[in-house]
Protein chains: 2
Amino acid sequence: MVTTEEDAVSALVMQGKDPRTGEVVGDPLTETSPEELDAVLDAAARTASTLRATSPGERAAWLRAVAAAVDAAAPELVSLAEAETGLPQPRLTGEVTRTTNQLELFARVLEEGSFLEATIDHADPAAVPPYPDLRRVLEPLGTVLVFTAGNFPFAFSVAGGDTASALAAGCPVIVKSHPGHPGLSVRTGQIVADALAGAGAPGGSFAVVHGVDTGVAAITDRRVRACSFTGSLAGGRALHELAAGRPDPIPFYGELGSLNPVLVTRAAVARRGAEIAKDYVASFTLGTGQFCTKPGLLLLPRGHGLEAALTDAADAVPPAPMLGSRIHQSFVSGVEALAGRTDIRPLRAPSVVDRPGSWAGAALFATTAAQVLAAPEQPLEECFGPVSLVVEYDSLEQAVAIVRGLGGSLTATLHAEDEGEDEDLTETVAALSDVAGRLVWNGWPTGVAVGWATHHGGPWPATTDPLHTSVGASALRRFLKPAAYQSVPDRLLPAALQDDNPLRLPRRVDGVLVPGKPE
Amino acid sequence: MVTTEEDAVSALVMQGKDPRTGEVVGDPLTETSPEELDAVLDAAARTASTLRATSPGERAAWLRAVAAAVDAAAPELVSLAEAETGLPQPRLTGEVTRTTNQLELFARVLEEGSFLEATIDHADPAAVPPYPDLRRVLEPLGTVLVFTAGNFPFAFSVAGGDTASALAAGCPVIVKSHPGHPGLSVRTGQIVADALAGAGAPGGSFAVVHGVDTGVAAITDRRVRACSFTGSLAGGRALHELAAGRPDPIPFYGELGSLNPVLVTRAAVARRGAEIAKDYVASFTLGTGQFCTKPGLLLLPRGHGLEAALTDAADAVPPAPMLGSRIHQSFVSGVEALAGRTDIRPLRAPSVVDRPGSWAGAALFATTAAQVLAAPEQPLEECFGPVSLVVEYDSLEQAVAIVRGLGGSLTATLHAEDEGEDEDLTETVAALSDVAGRLVWNGWPTGVAVGWATHHGGPWPATTDPLHTSVGASALRRFLKPAAYQSVPDRLLPAALQDDNPLRLPRRVDGVLVPGKPE
């Protein structure tokens, strides 16, 4: 909210800064004006019906063109990203590859065609009542507004998974850029727009806009038909309520906050406790703890004896720059809040880093399950940054109760042994999978594989809608709605539903799945 | 809201009434107490994990047992329904069949198994980064709260599609009964509960509760994980906001209001105008205009000359009882509101029916497209009952603009000719399908075929979530969430994802659809 004249001025301009030094990067960027936004929304709305009429194959070609253009510009983009985010080059280069792999995955999803869920029920005049010819297919929702994230300047930003899946679905995309990497957002936007235009996508298919007020104006505009968001619980909740409070509410897909608990059995501690401690610290400090899947809670059996191993590993992690001053300030506040709690004791206070920029060192706290369960009204909240809480449990049942009490997570991790467990783990696995989108066995949640089986979602507060994923092949389902056609003549049906199946789609015909015809 | 002592007493008791006479039917029914509701919610929550572990085949058997029990009790149930709703016996008997057919359809959906979307990506250690073994399946959301509708005392009530689809998904169901048929709700609830118990479903899988305050308490209770609703725009909006405003928002699937426009081309009027007029009146007065798919708007070309045919047909429709005094009062108010508008003229004022009960006669109004477009801030709203508005248009483009301005509908109907049309209808079809869940060609929207291709949904205000349907095979998708399993040993995976495919499901393996193995 703009409250003072100074705020009003600063709200209109964004400025990239290097979190390693606190110094200014690039030119200031002006917020999109209401008139500019109106033109963008109008162009998108006018393009929506053109896009709806394109074939999945055409859209696959656009996505591949975008991937090729981003790959070709990778050195320039990585350099821009490094200056604005302080993330190291190898990580950024890998993220570009993940981003273009995502675009490629959606191209393959489009070509495979199952995503359309094309379904044909032929007429049955003998049924009581008579059954008409009825056909169903998924169609694009219309203009999608994408709020980008700061922690993945490629994979969850301008050319990221939300953009790719919404374009794949056949929706015009309006990206609201992240203030943490304004220069990179503008440049990536140019590259994507040029690639789409070059590949024949209609004008109005894609645009990037800037500014908080611009985002609020867009999400409440009648021309926007769905919105995706990756960011904070507070920001996501506010946008969720704007979307739900419209005269015509729209779907809102927010990925908000996730504690990503890790549960280690007694047998696993006995066999490989030191290794687990070391790898846990590596996971929660990876990327300076700024992943949505960062494990924030480690559940260990009482008497685990791993405190020294954990603190030693944390001591060995050098301080590193966080993405910006705001996220750094949240980290500092979160750590202070944990340090101020009487039911939690510090294992390792974060290193004080006395230099310009947004540097953070690892922090570790500890408590017991009994203490967590005694204060259920004060659940733990996600805190971005290299900080984690170790909880000592008395029984697996108690550990699971804690996980249930935390609310939803993107992931839950179980470290256990194939042999020598005290009890059957079937119920533990079921309980963890009920509160988390992805259950990881003897691995670490940081690192998200992008494929057909990917689910990157979870119950609130991990996401605002537990039915959907923001990553992986099924992410485009968020931007598609079913449409049924009753007794419509073949020539007027969408190609996906025509009798001779010109798109060669896999379809369900009279209840039976029929494979798509190969070329 | 309870505001006076008298209200407080009346709010605690529901009383069936015969809308044909206004006379009391059966015994008064007391609202579920907070303590009773708490016990119901607790039983459901405790059952959720047991239900999750059941196989689709087991749940199919439960649904078939419920269908058989409802069929066996049909004479008793129809008689109860007739007394409380005033709907004629043949219609009610047909609705029972539709209801048990729905249960049977979901049983087949469960046996077919595609609904689980079982997906297996095998590990690829050579990929960069290495790809883990990743598997995805849909799992039940948890307890579902079902708000039933008054206009379909079977198909959208206690044993209706929402209950069937939520049970099919593996969710405990708590039904909030409709005050319009309390006795029928209680009796149906007993039959369903007995059938489920007899078929081996765990206790806590199903319950019926009563009362407005009970519904509000349930939808805001942490133990409820999703909610479905069929009813008014105002009621649905209020519940939608309760669901979205919870500390932990939950999915809310509301079907609210739909105008179901019917667009007739000039060529169709020329060839079969009189027949269209007669059938249109039959459709909007069917069931005394109390279907969600009732056509409320007829778009005819200027100079159509069908006014006499329409009013003659409406004159021939005898007055009939509406479902209750509240819905009748809404009809009277809606008709008065139309009669009071200067931009609309009456073609046929509704017959005044001077007898006890809730009787209504057909009403017809007319206006022009230009007048509708001149007042876009005052869109038409759904009005239950035998009332409809005829709009004269100058061009198809103008007619489509009106339909777009109305917001979403469950259906849109196009009457046109295979030959002799002035223009290509491709764009008209695309535009209508964009704002309506189902496009009907040369037919009538009343009457919903229930099958694999069914879509009964649409953009706001038709529903609160355009991605979903409340009727047809895909309705259970509303109550399922994805869960991913990373590197989990086969013995701990859900059966749907185990290597040897014990459920014989169709699955996607490494991107390729593999049919389910026949027994």
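That block above? That's the structure.
Residues numbered from 1 in each chain as written. Chains lettered and ligands numbered in written order. Predicted model: local features only at pLDDT ≥ 70, side-chain atom pairs only at ≥ 80, totals over all residues. Heavy atoms only, no water.

Novice: Sorry if this is basic, but what is going on with the relation of the copies chain B and chain A here?
Specialist: Each of the two copies of the chain can be brought onto the other by a rotation about an axis and a shift along it. For the pair chain B and chain A, the best superposition has an RMSD of 0.0 Å and corresponds to a rotation of 180 degrees with a translation of 0.0 Å parallel to the axis. Those values place the two copies in the arrangement expected of a two-fold rotation axis. Residue Ala244 of chain B, judged by its C-alpha, is the member of chain B lying nearest the rotation axis, at 3.6 Å. Residue by residue, 99% of the interface of chain B is reproduced at the interface of chain A, so both copies engage with the same surface. (Least-squares fit on C-alpha atoms with pLDDT ≥ 70 in both. Contact = heavy atoms within 4.5 Å.)

Novice: Quick question: what am I supposed to make of the packing of aromatic side chains here?
Specialist: Aromatic rings in a pair are described by how distant their centres are and how their planes are angled relative to each other. A full pass over the atoms with the stated rule returns 14 aromatic pairs over all chains. On the basis of an interplanar angle of 65 degrees and a centroid distance of 6.0 Å, the ring pair of Tyr280 of chain A and Trp444 of chain A is categorised as edge-to-face. Pair noted here: Tyr280 of chain A is in helix α10 (residues 266-285) and Trp444 of chain A is in the loop between β18 (436-441) and β19 (480-486), with a separation of 164 residues, a long-range link. Taken as a pair, Tyr280 of chain A and Trp444 of chain A share a single burial class, namely buried. Taking 5.4 Å as the distance between ring centres and 55 degrees as the angle between the ring planes, the aromatic pair formed by Phe152 of chain B and Phe156 of chain B counts as tilted. In this structure Phe152 of chain B comes out as buried when scored by relative accessible area, which is 10%. Taken together, the ring pairs in this structure connect Phe147, Phe229 and Phe252 of chain A into an aromatic cluster. The ring centre of Phe152 of chain A lies 5.5 Å from the NZ or CZ of Arg98 of chain A, which sits over that ring. Geometry around Trp359 of chain B places Arg355 of chain B over its ring, the cationic atom sitting 3.7 Å from the centre. (Phe/Tyr/Trp six-rings, centres within 6.5 Å; stacked < 30°, edge-to-face > 60°. Helix = DSSP H or I, 4+ residues; strand = E, 2+ residues; numbered from the N terminus. Buried < 20%, exposed > 50% of the residue type's maximum accessible area, 1.4 Å probe, protein only. Lys NZ or Arg CZ within 6 Å of the ring centre and 35° of its normal.)

Novice: How should I be thinking about the packing of helix α4 (residues 74-85) of chain B against helix α7 (residues 182-198) of chain B in this particular structure?
Specialist: For any two helices packed against each other, one specifies the crossing angle of their axes together with the interaxial distance. Residues and elements named next belong to chain B. Look at α4 against α7: their axes get within 8 Å of each other, and the N-to-C directions meet at 160 degrees. One element, α4, and the other, α7, form an angle in the roughly antiparallel class. Pair α4 / α7 crosses with left-handed handedness. Between α4 and α7, the contacting residues are Glu76, Leu77, Leu80, Ala81 and Glu84 on the first element and Pro182, Gly183, Leu184, Arg187, Thr188 and Ile191 on the second. Here the contact of α4 with α7 is built from residues that sort into six nonpolar, two polar and three charged. (Axes fitted to C-alpha atoms, helices over the stretch in contact; angles between N-to-C directions. Parallel < 35°, antiparallel > 145°, perpendicular 65-115°, else oblique. Left-handed = near helix turned anticlockwise from the far one by under 90°. Nonpolar A, V, L, I, M, F, W, Y, C, P; charged D, E, K, R; others polar.)

Novice: Honestly, the pairing of strand β5 (residues 144-147) of chain B in this entry has me stumped. Any pointers?
Specialist: Consecutive side chains of a regular strand alternate in pointing toward one face of the sheet and then the other. All names here are of chain B. Alternating residues of β5 divide into Val144 and Val146 and Leu145 and Phe147, and every residue in both groups is buried. Note: β5 against strand β6 (residues 173-176), four bridges, orientation parallel. What sits directly across from Val146, in β6, is Val175. Assessed by its sense of winding, the connection that carries the chain from β5 through helix α6 (residues 161-169) to β6 is right-handed. Here β5 pairs with strand β8 (residues 226-230) via four bridges, running parallel. Residue pairing for β8: Phe147 is matched across the bridge by Phe229. (Pairing = 2+ DSSP bridges. Right-handed = clockwise from strand over helix to strand, strands pointing away.)

Novice: It is not clear to me how the interface of chain B and chain A should be interpreted in this structure. Could you clarify?
Specialist: One frequently used descriptor of interface size is the decrease in accessible area upon assembly of the parts. Counting from both sides, the interface comprises 71 residues of chain B and, opposite them, 70 residues of chain A. Of the roughly 5900 Å² buried between chain B and chain A on both sides combined, carbon and sulfur atoms contribute 54%. Applying the counting criterion to the chain B and chain A interface returns eight salt bridges. Here Lys481 of chain B ties to Asp434 of chain A by a salt bridge, and the two come within 2.9 Å at their closest N and O atoms. Counting the contacts that link chain B with chain A gives 47 residue pairs in polar contact (both at pLDDT 80 or more). Of all the secondary structure elements, the ones that give two or more residues to the side of chain B that touches chain A are β3 (119-121), β4 (134-140), α9 (233-245), α14 (396-405), α15 (426-435), β18 (436-441) and β19 (480-486) of chain B. With seven residues, the single largest contributor to the side of chain B that touches chain A is β19 of chain B. Residue composition of the side of chain B that touches chain A, by class: 34 nonpolar, 16 polar and 21 charged. With three bridges connecting them, β18 of chain A and β19 of chain B associate as parallel partners. Pairing of Arg438 of chain A across the sheet is with Ala484 of chain B, part of β19 of chain B. (Buried area = accessible area lost by both parts, 1.4 Å probe. Salt bridge = Lys/Arg side-chain N within 4 Å of Asp/Glu carboxyl O. Polar contact = N/O pair within 3.5 Å; in protein donor to acceptor, adjacent residues only side chain to side chain.)

Novice: Got a minute to help me understand the environment of Val429 of chain A in this structure?
Specialist: Among the secondary structure elements, Val429 of chain A is positioned in helix α15 (residues 426-435). Along the sequence, Val429 of chain A and Val400 of chain A sit 29 residues apart, while their C-alpha atoms lie 9.6 Å from each other. With near-sequence residues (within four places) excluded, Val429 of chain A lies in contact with Leu414 and Leu439 of chain A together with Tyr485 and Leu492 of chain B.

Novice: How do you make sense of the pattern of salt bridges when you look at a structure like this?
Specialist: Between side chains of opposite charge, a pair can form as their charged atoms come close. Considering all chains together, one arrives at 59 salt bridges over all chains under this definition. Across the pair Asp434 of chain A and Arg404 of chain A runs a salt bridge, and its minimum N-O distance is 3.3 Å. Of the two residues, Asp434 of chain A sits in helix α15 while Arg404 of chain A sits in helix α14 (residues 396-405), which places them 30 residues apart along the sequence. Taking the shortest distance from any N to any O, the salt bridge between Glu417 of chain B and Arg271 of chain B comes out at 3.5 Å. Residue Glu417 of chain B is found in the loop between β17 (409-415) and α15, and its partner Arg271 of chain B is found in helix α10 (residues 266-285); the two are separated by 146 residues along the sequence. Among the charged side chains, a network of salt bridges with common partners joins Asp38, Asp42, Asp221 and Arg223 of chain A.

Novice: Just checking my understanding: could you explain unusual backbone geometry for this structure?
Specialist: Most peptide bonds adopt trans geometry, and most residues besides glycine take a negative phi value. A cis amide bond, omega 5 degrees, links Trp460 of chain A with the succeeding residue Pro461 of chain A. By the secondary structure assignment, Pro461 of chain A is in the loop between β18 and β19. Backbone torsion omega between Val128 of chain B and Pro129 of chain B reads -10 degrees, so that peptide bond is classified as cis. The phi dihedral of Asn260 of chain B falls on the positive side, at around 50 degrees, and the residue is not glycine. Considering the arrangement of structural elements, one finds Asn260 of chain B in the loop between β9 (252-255) and β10 (261-264). Residues other than glycine seldom take positive phi values, yet Asn442 of chain B does so here, at roughly 50 degrees. Relative to the helices and strands, Asn442 of chain B is located in the loop between β18 and β19. Accessibility expressed as a relative area gives 30% for Asn442 of chain B, which makes it partly exposed.

Novice: Sorry, what's going on with α14 of chain B here?
Specialist: Quick reminder: α-helices carry 3.6 residues per turn. Residues three or four places apart thus point the same way. Residues and elements named next belong to chain B. Along α14, the positions that sit buried rather than exposed are Leu396, Gln398, Ala399, Val400, Ile402 and Val403. Buried positions along α14 lie against β10, β11 (297-301), α13 (369-374), β16 (387-393) and α15. At the exit of α14 stands Gly407, carrying a positive phi of roughly 90 degrees.

Novice: Help me understand the environment of Val209 of chain A in this model?
Specialist: Residue and element names in this part refer to chain A. As for its position among the elements, Val209 is in strand β7 (residues 206-209). Looking at Val209, the relative accessible area reads 1%, which means it is buried. A C-alpha to C-alpha distance of 35 Å links Val209 and Val435, two positions 226 residues apart in sequence. Sequence-distant contacts of Val209, that is, excluding residues within four places in its chain, are made with Thr32, Leu37, Val40, Ile174, Val175, Lys176, Ser177 and Thr214.

Novice: Just to check I follow, could you spell out empty space enclosed by the protein for this structure?
Specialist: Unoccupied space between atoms shows up once a probe the size of one water molecule is rolled over them. Applying the stated rule across the entire model yields eight cavities of 30 Å³ or more. Of the volumes computed, that of the largest cavity is approximately 960 Å³. Forming the walls of the largest cavity are 43 residues, and the residues nearest its centre are Ser114, Phe115 and Glu117 of chain A together with Ser114 and Glu117 of chain B. Residue assignment for the lining of the largest cavity shows that the elements contributing at least two residues are α5 (89-112), β19 and β20 (507-509) of chain A together with α5 (89-112) and β20 (507-509) of chain B. (1 Å grid on protein atoms, 1.4 Å probe; cavity = no way out; pocket = protein on both sides within 12 Å on 5 of 7 lines; lining within 4 Å. Points joined across faces, edges and corners; volume = space filled by probe spheres on them.)

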